[in-house]
Amino acid sequence: MEYDDVADELYALRPEEFTAARASAVAAARTAGDRDLAERIGALRKPSLAAWVGNLLVRGLPGEVEPLLRLGEGLRQAHHDLDGPQLRELSRQQHAIVRALSAQARQLAAEAGHAIGDGVQREVENTLHAVLADPEAAQAWAGGRLVKPLSATVGFPAVGERAVAEGGGAKGRSRPPDAAAPSRPGRKDDGQQRKRVAQARRDAEAADRELGKLRDEAAAAGRAVQEAKEQVDRLERRVGELTEELERTRGEHEQARFAQRSARERARTADRRVREADRKAATATAKLERLTSTNA
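First, a word on what this report is: a plain description of the structure on this page.

Digging into the pattern of salt bridges
Logical step 1: Tallied over the entire structure, the rule returns 9 salt bridges.
Logical step 2: The partner of Asp 118 in a salt bridge is Arg 106, with the nearest N and O atoms 3.2 Å apart. Linking Asp 118 in helix α7 (residues 118-133) with Arg 106 in helix α6 (residues 84-111), this pair joins segments that are 12 residues apart in sequence.
Logical step 3: The class for Arg 106 is partly exposed, based on a relative accessible area of 28%.
Logical step 4: Among the ionic pairs, Arg 250 bridges to Glu 247, the shortest N-O distance being 3.3 Å. Taken together, the residues span about one helical turn, with Arg 250 and Glu 247 both in helix α9 (residues 187-295) at a distance of 3 residues.
Logical step 5: A relative accessible area of 46% places Glu 247 in the partly exposed class.
Logical step 6: Salt bridges linked by common partners bring Asp 4, Asp 8 and Arg 145 together as one network.

Concerning the packing of α7 against helix α8 (residues 135-142)
Logical step 1: Two elements in contact, α7 and α8, have axes whose closest approach is 5 Å; the angle formed by their N-to-C orientations is 125°. In terms of orientation, α7 lies oblique with respect to α8. Crossing handedness for the pair α7 and α8: left-handed. The residues of α8 that touch α7, namely those facing Thr 127, Leu 128, Ala 130, Val 131 and Ala 133, are Pro 135, Ala 137, Ala 138 and Trp 141.
Logical step 2: Among the residues making up the contact of α7 with α8, the classes are represented as 8 nonpolar, 1 polar and no charged.

Parameters at a glance
- Residues numbered from 1 in each chain as written.
- Predicted model: local features only at pLDDT ≥ 70, side-chain atom pairs only at ≥ 80, totals over all residues.
- Heavy atoms only, no water.
- Salt bridge = Lys/Arg side-chain N within 4 Å of Asp/Glu carboxyl O.
- Helix = DSSP H or I, 4+ residues; strand = E, 2+ residues; numbered from the N terminus.
- Buried < 20%, exposed > 50% of the residue type's maximum accessible area, 1.4 Å probe, protein only.
- Axes fitted to C-alpha atoms, helices over the stretch in contact; angles between N-to-C directions.
- Parallel < 35°, antiparallel > 145°, perpendicular 65-115°, else oblique.
- Left-handed = near helix turned anticlockwise from the far one by under 90°.
- Contact = heavy atoms within 4.5 Å.
- Nonpolar A, V, L, I, M, F, W, Y, C, P; charged D, E, K, R; others polar.

See the structure below:
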């Protein structure tokens, strides 16, 4: 039993399943004689609903994790280098992508059995904004072991105390890696800045493409939900019709059984009368024969 395997398994569960599964894992570790592992597993905290949804997004859409992390790197560099109009455009793209991903997260949560409200979805969106703004938050989210949602503030926010389970994110840093030290201006710096701007533009274009794909996926998911709802409605109507038909059939069946019992009773009565009539006829015939013999 490995700690990381157990932690990944626990944080993949729905929140209401977490506590019992954690207790079972602690008991298994103790049975195996590994008290340290049992203590570490026992210290794992149950995730909030919003944190679970954030973890679910990492597991449900693994292909979106790395592109989002790269976009975050590009956006942080853009905040350092680009002018106002470019920052506004990148900010618009950032919010659009966050909305698309949060919609995907809401759909994944519904499919996993948890319909989330607007408040939880806002917490998921705040987590995604934090992922784009802060490298430590990005690494914590990508680990898939959040215990509470992350929040982004102005600048380069920190993850916050115990927002992620042990081993699920980055260790603390003295400063973000993209906060570059000032250097003397010159041609070399100009060239580096042009490269950074070009890279940021490429990241923005990639983000646009990613946004288009996510919107298509969200639209497809919405259509699938609508089709599934229509199918459920049709089947519910059919169930109602079949239920009514079943009730009618049961009534007809009871009537038929009653008629069958009545017919059997009438048949038994008729058979009894026939036997009595046979006896009477036989008695009359015998009497007639005796009388005829006497007269002769």
